[in-house]
Each structure stands twice: as structure tokens, then as C-alpha cells.
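# A structural walkthrough
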Amino acid sequence: MSDNTVCPNCGKPKKPWFKLCYECNLSEKQKPVCEVCGIEVPEGHYLCKEHWKERQEEKRNLKRIDYVKKQKEIDFKEKFKGKYYFNSIPVKSKSELIILYFFDKNNIRPAYERTMTLGGKEYRPDFIIEDDRGNVVIIEHFGWDGGEYIKKKNEKIRQYKKLCDAKDNFYFIKTDEEDIKNIKDKLGKKLGETPLKKAYWK
């Protein structure tokens, strides 16, 4: 039987609800990967060999013609669309990037998409903040509000709230696109209801 308080990568102690310790989790996030297929690539690269060749060929094709049909242009942009990065870690959206900049200004170091096991199922909250007093704040940003997304959203909220009800030192915050428009006041106010509260947020 495995010990869920020991990191399987390095053997250091970890919290039982996390898959890896903080250092190993951060290391995994900082490994460079191909922005198209997601496989690991050498340091300083952003495409694997196959997709680098594919992009070079695409560039040559675009130089040979004067006119590119609208649909092909859309397909090209979709295939090679860029991602947002914060300290070499890719993030899923501009909103998450804004939240990370807010944390950085306020000297907060969150873990990004760190794996947690709740109710026998793995979850990856957008941000987890742990302070030196053992308090844990889970922050999930919800950028959409329709279809299957609502079911997943509600299930996440239910599991996080259940965890917080069971543990006095756990707190859950959810944000949406309206919060991003005034993040200092909106997210700052929500953090003020946790042990991370401050008199002034930058």
C-alpha cells in the first residue's frame, strides 16, 4: 500500500490530497513542451521536430502565394494559436494570466493546477495558496457558463466546499469574468474573507 503523504517523484513529504510535493509540481509545470502536441521538447524550444518542420513548410507555402483564402487563414491561426505564459508556465487563458499577475504584485506564490484527489476523483484547481500557518486557499476561475461546463463547474464547487466544510483551515474562492474587470477590488475582497486578508491590495 502506497504512502499518500510521500511524493512519488522525490520521496519528500507532501499533503495527502496532492499528487506531488510543491517543488515537483512546479518542476513538472516548467518543463518545455511542444505548443501543438504537448510532448516534451529541449530547453529553449517551443515545437517538437515534426511540428517545427510543419510550421516551416507552412511559412514557405504562404510566401509562395499572394492570396490566402479566408478559411485557410483561420485554420492556420487555429492550428498554431499561441498560449499565455507566466514564468515559463503555460496558462489556459488571459484571465488566469491576469490573476497570476495580481498574485505576483502582492507577493503571493500560488501552485497552478496542482492535482488534488477528492471523493476518489482527481481535480486540478486553477490556484492553490498555502500560507506559513497551514491555511489552504483554493481558487477556481470559471470563464464560461453553459452546456456541459455547468455540470463540471457545479461538481467542482461541491467537492471544494465539501473539503472546506471538513477542514477548518481550507477556504474556497471562485471567480468569473466580471471579477477580472476589477480584480484588485473583487478578488481582494474575496481573499479578505480568508486568513490571507490584507489592508491594501496592489
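The following refers to the structure shown. What you see is a predicted model; the values in this text were computed from it and never measured.

## As for the pairing of strand S7 (residues 136-142)
Most of S7 sits out of view: seven of its seven residues are buried. Neither face of S7 is left uncovered, since the one carrying Val136, Ile138, Glu140 and Phe142 and the one carrying Val137, Ile139 and His141 both have all their residues buried. Where strand S6 (residues 127-130) lies against S7, four bridges are found, and the strand directions are antiparallel. The partner of Glu130 across the bridge, within S7, is Val136.

## As for helix H4 (residues 94-105)
Taking 1.5 Å of rise per residue, the twelve residues of H4 would be expected to cover 16 Å, and the 17 Å separating its terminal C-alpha atoms lies within 8% of that figure. For H4, the full list of buried residues reads Ser95, Glu96, Leu97, Ile99, Leu100, Phe102 and Phe103.

## What to know about the nonpolar core
Phe103, Ile139, Leu187 and Leu191 are the most contacted members of the largest nonpolar core, which has 21 residues in total. Every element with two or more residues in this core is listed here: strand S2 (89-91), H4, S6, S7 and helix H7 (183-191). The element that contributes the greatest number of residues to this core is H4, accounting for five residues. Once residues lying within four places of it in the same chain are set aside, the contact partners of Leu191 are Phe102, Phe103, Val137, Ile139, Ile173, Leu196, Lys197 and Trp201. Core analysis: the next-biggest nonpolar cluster, separate from the first, contains 16 residues, Phe18, Leu118, Val136 and Phe142 among them.

## Remarks on helix H2 (residues 49-64)
Between its first and last C-alpha, H2 extends 23 Å over 16 residues, near the 22 Å set by a 1.5 Å rise per residue. For H2, the full list of buried residues reads His51, Arg55 and Glu58. Each buried residue of H2 lies within a common arc of 60° when the element is viewed along its axis, so the set occupies one face. Residues of H2 that are exposed and point more than 90 degrees away from the buried face comprise Lys49, Glu50, Lys63 and Arg64.

## Let's talk about the pairing of S6
The sheet contact formed by strand S3 (residues 111-112) and S6 spans two bridges and is antiparallel. Bridge pairing in S6 links Ala111 to Ile128. Counting the residues that bridge the hairpin from S6 to S7 gives five residues, and of these Gly134 lies at a positive phi of roughly 90°.

## Some details on the state of the cysteines
By definition, a disulfide links the sulfur atoms of two cysteine residues through a covalent bond. All chains considered together, the criterion is met by zero disulfides. Cys24 takes part in no disulfide bond, and the closest cysteine sulfur, belonging to Cys21, lies 3.6 Å away. The structure places no disulfide on Cys37, whose sulfur is separated from the nearest cysteine sulfur, that of Cys34, by 3.6 Å.

## Some remarks on the environment of Glu177
Here Glu177 shows up in helix H6 (residues 177-181). Residue class for Glu177 comes out partly exposed when judged on its relative accessible area of 34%. Among residues more than four places away in sequence, those in contact with Glu177 are Ser95, His141, Phe142 and Gly143. There is a polar contact of 2.9 Å between the side chain of Glu177 and the side chain of Ser95.

## Focus on the environment of Val91
Mapped onto the fold, Val91 is located in strand S2. Here Val91 is in contact with Tyr84, Tyr85, Glu96, Leu97, Leu100 and Tyr112, once residues within four sequence places are set aside.

So, how was this worked out
- Just so you know, the residues in each chain are numbered from 1, in the order the chain's sequence is written.
- Per-residue local features of the predicted model are confined to residues with pLDDT of at least 70, and side-chain atom pairs are confined, for both listing and counting, to 80 or more; whole-chain, interface and lining totals are unaffected and use all residues.
- With hydrogens and water stripped out, all remaining heavy atoms of the structure feed into the side-chain values.
- Note on classification: 1.4 Å probe, protein chains only; a residue is buried when its accessible area is under 20% of the maximum for its type, exposed when over 50%, partly exposed between these limits.
- Runs of H or I in DSSP of at least four residues are treated as helices and runs of E of at least two as strands, each being numbered from the N terminus.
- Here, any two strands with at least 2 DSSP bridges between them count as paired.
- What a helix should span is 1.5 Å times the count of its residues minus one.
- Think of a nonpolar core as a cluster: buried Ala, Val, Leu, Ile, Met, Phe, Trp, Tyr and Cys residues, connected wherever their side-chain atoms sit within 4.5 Å.
- Any two residues whose heavy atoms approach within 4.5 Å at even a single point are treated as in contact.
- Throughout, the arc means the angular range of directions from the helix axis out to the C-beta atoms.
- Here, a disulfide means two cysteine sulfur atoms that sit within 2.5 Å of each other.
- Pairing of N or O atoms within 3.5 Å defines a polar contact, subject to two protein rules: one partner must be a possible hydrogen donor and the other a possible acceptor, and residues neighboring in sequence count only if both atoms are side-chain atoms.

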